[in-house]
Amino acid sequence: MVTSLDKMWDTIESNISTSKDKKASYFIPLQQFLFTFLSRCLLRADTSTSPEIEKSGHIMMDKWLALQLLPTISINILQPLEEIFLHSFTYPFWLIKSDYQKLENFVKTQAKDTVSRAQTEFQLTEEEAIHNLIFILGFNAFGGFSVFLPSLLTNLGDQKSKHEELRNEVRQILTQNENILSFEAVKQMELVNSFVYETLRLNPPVPSQFARARKDFELASHDAVFEVKKGELLCGYQPLVMRDSKIFENPEDFVYNRFTKENGGEELLKYLYWSNGPQSGPHGPSASNKQCAARDTVPLTAALLLAYLFQRYDDITISSGSITALQRAKL
Ligand code: HEM
């Protein structure tokens, strides 16, 4: 992760220095970082072995994602035209077929060990393994982080007055860990983790979840009980749930240290639902639980990104999707 982050921030620094207005958008370098890093950690595949994938793998994924998501996303054109022309049919696969085949070929040739593990340990065919790996890499991981990390960076830009405190925490803990950035070190950074959790609370990357009741049951809120019948379709809307004023004080405000121990943070993690389930307690997707498989690694990865930035820079200014100033840490 750190190797790919080095590349991302070297690119951003160089883009800033060569741009006329001394700023650079982070979105494309961020997506390139995500594609490289996630290919490595989920597939054990090295993107640098294929120049075309290295350069455009993230764009191929974006196109494949767009084709699936466009029928569900509102782009605010005049209704009912949007419903009739954009939301009423599945888009044809041939539109992105050639890019998808390049991704398939990349997984088949560069993720051989992972594909063969899927075959031997999980009895999938080679074809099933490849499509499943593309799905988890592209939809779950790359798609999820491509929505989440920009909102994290936006909040970081907005909370400039808190940078000093965050930077002090990062550097103090890194000093105790021989200046090695690791998940173990990042776990000790209470404020950094709280900042990440608060972003997930106010900007859950996947706002809606659906499920069908498997049996009759009663669903209780603070002050009412609803009878749900087997087979009924339920929808959970995260942005509303995580702004419950009976649980979260000043629920609309970004409170960067809301989740620290001092502020009763552990108790609040029970009500942090971005992963389609609570952030604390037993975890693991199973036949009866479709909570995100990466409930713990997603916030930790985001915390590592923040810690990386505070280790690398003495000052960072972010505004409207761009980095507008960076000052490297003095060695
Ligand atoms: C910021 C990134 C991510 C976000 C926002 C996210 C969000 C979610 C959400 C909301 C669900 C529940 C979907 C539903 O029930 O309708 C889910 C499920 C899932 N996620 Fe994630 N996810 C992220 C990253 C990842 C990563 C990195 C992985 C891969 C290791 C992953 C693997 C999964 C899997 C396998 C499921 C389905 C679990 C099941 O149905 O049994 N996710 N994710």
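That block above? That's the structure.
Reading the values: the criteria
Residues numbered from 1 in each chain as written. Predicted model: local features only at pLDDT ≥ 70, side-chain atom pairs only at ≥ 80, totals over all residues. Heavy atoms only, no water. Donors = N, O, S within 2.8 Å, 3.2 Å for Na, K, Ca; no water. Helix = DSSP H or I, 4+ residues; strand = E, 2+ residues; numbered from the N terminus. Expected span 1.5 Å × (residues − 1). Bend = angle between axes of the 7 residues up to and from the residue. Near = heavy atom within 4 Å. Polar contact = N/O pair within 3.5 Å; in protein donor to acceptor, adjacent residues only side chain to side chain. Nonpolar A, V, L, I, M, F, W, Y, C, P; charged D, E, K, R; others polar. Salt bridge = Lys/Arg side-chain N within 4 Å of Asp/Glu carboxyl O. Pairing = 2+ DSSP bridges. Contact = heavy atoms within 4.5 Å. Axes fitted to C-alpha atoms, helices over the stretch in contact; angles between N-to-C directions. Phe/Tyr/Trp six-rings, centres within 6.5 Å; stacked < 30°, edge-to-face > 60°. Buried < 20%, exposed > 50% of the residue type's maximum accessible area, 1.4 Å probe, protein only. Lys NZ or Arg CZ within 6 Å of the ring centre and 35° of its normal.

For the rest of this paragraph, the subject is the coordination of the iron atom of the ligand. Only one protein atom coordinates the iron atom of the ligand: Cys292 (SG), located 2.3 Å from the metal. When you line up the elements, Cys292 lands in the loop between α12 (265-268) and α13 (297-312).

With that out of the way, let us pick up helix α7 (residues 126-158). The end-to-end C-alpha distance of α7, which contains 33 residues, comes to 46 Å, matching closely the 48 Å that a straight helix rising 1.5 Å per residue would cover. Along its length, α7 reaches its greatest deviation from straightness, about 30 degrees, at Phe142.

Quick look at the site of the ligand now. Near the ligand you find 20 residues, and of these Asn140, Asn276, Pro285, Lys290 and Cys292 are the closest. Within the side chain of Lys290, an N or O atom sits 2.6 Å from an oxygen atom of the ligand. Of all the elements, α7 adds the most residues to the shell around the ligand, at six residues. Of the residues in the shell around the ligand, the class split is 13 nonpolar, six polar and one charged.

Further remarks concern the pattern of salt bridges. Counting across every chain of the model gives 21 salt bridges. With its nearest N and O atoms 3.4 Å apart, the salt bridge here joins Lys7 to Glu54. With a gap of 47 residues between them, Lys7 in helix α1 (residues 2-18) and Glu54 in helix α3 (residues 51-69) connect regions that are remote in the sequence. A salt bridge links Arg258 to Glu198, with the shortest nitrogen-to-oxygen separation between them at 3.0 Å. Taken together, the residues span a long stretch of sequence, with Arg258 in the loop between α11 (238-241) and α12 and Glu198 in helix α10 (residues 190-202) at a distance of 60 residues. When salt bridges that share partners are traced, they join Asp6, Asp10, Glu13, Arg312 and Arg328 into one network.

Attention now goes to the sheet that holds strand β1 (residues 24-25). In spatial order, the strands read β1-β7-β6; together these three strands make up an open sheet with antiparallel pairing. Of all strands in the sheet, those bounded by a partner on one side alone are β1 and β6 (313-319). Across the sheet, α1 lies against β1, β6 and β7 (322-328), angled at about 105 degrees from β7, the strand it touches most. Along the sheet, α13 makes contact with β6 and β7, crossing β6 at roughly 120 degrees.

Let's shift gears to the packing of aromatic side chains. One pass over the structure, following the stated rule, counts 13 aromatic pairs. Taking the centre distance of 6.3 Å and the plane angle of 85 degrees together, the rings of Trp64 and Phe139 count as edge-to-face. In this pair, Trp64 sits in helix α3 while Phe139 sits in helix α7, placing the two residues 75 residues apart along the sequence. We classify Phe139 as partly exposed; its relative accessible area is 27%. A ring pair is formed by Phe89 and Tyr91, whose centres lie 5.3 Å apart and whose planes are at 75 degrees; its orientation type is edge-to-face. A residue is classified by how much of its surface remains accessible, and Tyr91, at 14% relative accessible area, is buried. In textbook terms, an aromatic cluster arises when at least three aromatic residues are bridged by ring pairs, as seen for Trp64, Phe93, Tyr100, Phe135 and Phe139. Across from the ring centre of Phe248, 4.9 Å away, lies the NZ or CZ of Arg201, which sits over that ring.

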